[in-house]
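Understanding the architecture of this molecule
Listed here are the chains, written in short residue letters.
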Number of protein chains: 2
Amino acid sequence: MRDDLEAARRKLTERDHRLTPQRQAILETLLSHSGEHLSAEDVYALVKKNHPDIGLATVYRTLDLLAGLDVLQRIDLGDGRARYELGDEEHYHHHLICVRCGKVTEFDIDLLESLEALVFKRTGFEVVDHQVKLFGLCRECRAGEQRTGGAGGD
Amino acid sequence: MRDDLEAARRKLTERDHRLTPQRQAILETLLSHSGEHLSAEDVYALVKKNHPDIGLATVYRTLDLLAGLDVLQRIDLGDGRARYELGDEEHYHHHLICVRCGKVTEFDIDLLESLEALVFKRTGFEVVDHQVKLFGLCRECRAGEQRTGGAGGD
DNA sequence: CTTCCTGCAAAAGATTTGCACACGA
DNA sequence: TCGTGTGCAAATCTTTTGCAGGAAG
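Criteria and cut-off values
- All residue numbers refer to position in the chain's written sequence, counted from 1.
- Both sets of labels track the order of writing: A upward for chains, 1 upward for ligands.
- Given that this is a predicted model, residues contribute local features only at a pLDDT of at least 70 and side-chain atom pairs are listed and counted only at 80 or more, while totals for whole chains, interfaces and linings are drawn from all residues.
- Only hydrogens and water are removed before side-chain values are computed, so all heavy atoms of the structure are retained for them.
- Each pair of strands is called paired provided DSSP finds at least two bridges between the two strands.
- Secondary structure elements follow DSSP: runs of H or I no shorter than four residues count as helices, runs of E no shorter than two count as strands, and numbering proceeds from the N terminus.
- A carboxyl oxygen of Asp or Glu within 4 Å of a side-chain nitrogen of Lys or Arg is what we treat as a salt bridge.
- To sort residues, take the accessible area from a 1.4 Å probe on protein chains only and compare it with the maximum for the residue type: under 20% means buried, over 50% means exposed, and anything in between is partly exposed.
- Fitting of the copies onto one another was done by least squares over C-alpha atoms, counting residues only where both copies have pLDDT of at least 70.
- Residues are treated as being in contact if the distance between any of their heavy atoms lies within 4.5 Å.
- Each cavity reported here is a set of points on a 1 Å grid over the protein atoms alone in which a 1.4 Å probe fits but cannot get out, each pocket an open set with protein on both sides within 12 Å along at least five of seven lines, and each lining residue one with an atom within 4 Å of a point.
- Grid points are joined across faces, edges and corners, and a volume is the space filled by probe spheres set on the points.
- Asp, Glu, Lys and Arg are counted as charged, while Ala, Val, Leu, Ile, Met, Phe, Trp, Tyr, Cys and Pro are counted as nonpolar; the rest, among them Gly, fall into the polar class.
- Throughout the structure description, domain borders are defined by an automatic or database domain assignment.
- Once two parts are put together, the accessible area they lose, assessed with a 1.4 Å probe and summed over both, is termed the buried area.
- It suffices for a single heavy atom of a residue to lie within 4 Å of a molecule or strand for the residue to be listed as near it.
- As used in this structure description, the phrase polar contact means that two N or O atoms lie within 3.5 Å; if the pair is within protein, one of them must be able to donate a hydrogen and the other to accept it, and residues adjacent in sequence are counted only when both atoms belong to side chains.
- Axis definition: a line fitted to C-alpha atoms, limited for helices to the stretch in contact. Angles are taken between N-to-C directions and run from 0 to 180 degrees.

The side chains of a regular strand alternate, residue by residue, between the two faces of the sheet. All names here are of chain A. Alignment of strand β2 (residues 72-76) against strand β3 (residues 82-86), held across five bridges, turns out to be antiparallel. Of the residues in β3, the one forming a bridge with I75 is R83. Counting the residues in the hairpin turn of β2 and β3 gives five residues, including G78, whose phi is positive at 85°.

Once that is clear, we can look at the pattern of salt bridges. Residue and element names in this part refer to chain A. Scanning all chains against the criterion turns up 14 salt bridges over all chains. One salt bridge connects R74 with D64, and the closest N-O pair in it is separated by 2.6 Å. Residue R74 is found in strand β2, and its partner D64 is found in helix α4 (residues 56-68); the two are separated by ten residues along the sequence. Among the residues examined, D64 registers a relative accessible area of 43% and is labelled partly exposed. Here R83 and D79 are joined by a salt bridge, their closest N and O atoms 2.8 Å apart. Taking the relative accessible area as the measure of exposure, D79 reaches 31% and is therefore partly exposed. Within the structure, one salt-bridge network assembled from shared partners comprises D42, D79, R81 and R83.

This next bit is on the relation of the copies chain A and chain B. Superposing chain A onto chain B takes a rotation of 179° combined with a translation of 0.0 Å along the rotation axis, leaving an RMSD of 0.2 Å. Both copies are brought into coincidence by an operation consistent with a two-fold rotation axis. No C-alpha of chain A approaches the rotation axis more nearly than that of V132 of chain A, which lies at 2.2 Å. The residues that chain A uses at the interface reappear at the interface of chain B in 100% of cases, marking a shared surface.

Our focus in this paragraph is empty space enclosed by the protein. One pass over the full model with this rule turns up two cavities of 30 Å³ or more. The computed volume of the largest cavity comes to approximately 60 Å³. In this structure, the largest cavity is lined by I75, D76, L77, Y92, H93, H94, H95, Q131, V132 and K133 of chain A. When contributions to the lining of the largest cavity are tallied by element, the ones reaching two or more residues are β2, β4 (94-98) and β6 (126-137) of chain A. If you tally residues by element for the lining of the largest cavity, the top one is β6 of chain A, at three residues. Residues belonging to the lining of the largest cavity are distributed by class as follows: four nonpolar, four polar and two charged. Residues lining the lining of the largest cavity come from more than one domain, with at least three contributed by each of domain 1 (1-88) and domain 2 (90-154) of chain A. As for the second largest cavity, its lining consists of I75, D76, Y92, H95, Q131, V132 and K133 of chain B.

Residue and element names in this part refer to chain A. The assigned domain composition of chain A is domain 1 (1-88) and domain 2 (90-154). Between the C-alpha centres of domain 1 and domain 2 there is a distance of 26 Å. The interface is formed by nine residues belonging to domain 1 together with nine residues belonging to domain 2. For domain 1, the biggest contributors to the area lost against domain 2 are H37, L77 and D88; these three give 56% of the whole. One can count one salt bridge joining domain 1 with domain 2.

This part is about the protein's contact with DNA strand D. Surveying the vicinity of DNA strand D reveals 20 residues, the closest of which are Y60 and A82 of chain A together with T20, R23 and T58 of chain B. Contact distances for DNA strand D include 2.6 Å between a phosphate oxygen and a side-chain N or O atom of Y60 of chain A. Interatomic distance of 2.8 Å between a side-chain N/O atom of R61 of chain B and a base nitrogen of DNA strand D. Counting residues per element, the ones that place at least two in the surface near DNA strand D are α4 of chain A together with α2 (21-31) and α4 (56-68) of chain B. Among the elements that line the surface near DNA strand D, the one with the most residues is α4 of chain A, at four residues. When grouped by side-chain class, the residues that make up the surface near DNA strand D number six nonpolar, six polar and eight charged.

With mixed pairing, six strands are arranged side by side in an open sheet as β5(A)-β4(A)-β6(A)-β6(B)-β4(B)-β5(B). A single partner strand is all that each edge strand has here, and the edge strands are β5 (104-107) of chain A together with β5 (104-107) of chain B. Between one strand axis and the next, the sheet turns by 25° as a mean value, whatever way the strands run. Pairing geometry for strand β4 (residues 94-98) of chain B and β5 of chain B, over four bridges, is antiparallel. When the sheet's bridge partners are listed, I97 of chain B is paired in β5 of chain B with V104 of chain B. Docked against the sheet, helix α5 (residues 112-123) of chain A engages β4 and β6 of chain A together with β4, β5 and β6 (126-137) of chain B, running at close to 125° with respect to β6 of chain A. Here helix α5 (residues 112-123) of chain B sits on the sheet and contacts β4, β5 and β6 of chain A together with β4 and β6 of chain B; the angle it forms with β6 of chain B, its principal contact strand, is near 125°.

Structure, rendered in structure tokens:
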């Protein structure tokens, strides 16, 4: 975790930015909540515990800056606000969004490579990045569905 | 195209909604701009030509209503506003977004089925819908890139 | 000193909502 | 008549920006 902070500091200083206490606090918050998908407000609320004076604008500016440096990823789960998680594009994964309970889990796979090759062959479009969102029912909610009955015909 | 309107009317009346002139105008606008990805403002501007009195709120409410009836799809291309296109979930396709010129093209494929089966096997998550966005360079912009030179090392 | 950063408050942009009126079954 | 639909304006929500002051090299 110290290493992640040092890596971030390096990426910042490389471009004449500083690892200020606020930025460090934001990074630490994201580090200690990896696996979650925090919105700017979430980060703000969490950081405020130890940094009561921090401003929401600073959170937005920092998240924006760090996303630009590929220290973290901005993700959009379709709920109208941006969310953030540590990690660069290389290690990007997809998201499974449960339409019932809203839980978001992650799924790591590179099966898209063949799809991207096909896209290129068919259309000449060269894919450099992708975003995949799979909506459905998580295991737990699926168990619930069974009981509720599945033969509903509206 | 008449058929599409009739199908929409049926879906509306089935749930005690009416195909009002405003709603019809919005549908016709979407019909005559299929293949594009209009935002609410876009639709508003287009409909206003023939229906100067229509209100923006009505456009929002109608798009919302029609999306709920699966008459059209709400899509998110990552530019901060929702976009809409005719068609139900069944015939949904993916979007190729050019990061240089911003052009959005469509790509129809069901290669995801194997991915979804794998997701289910591995995680128990049952996919019912998906959204795939592929970012990259379209054929034209790729041609441009070649000339500009590609060995940049920043 | 000069540049980068910050907090605050105001602004911006997309979307939603309250309300009174209009219209069709 | 009654419930649905509408336009307008105000409200809401997320995110951005202007500005004056502050810290670091």
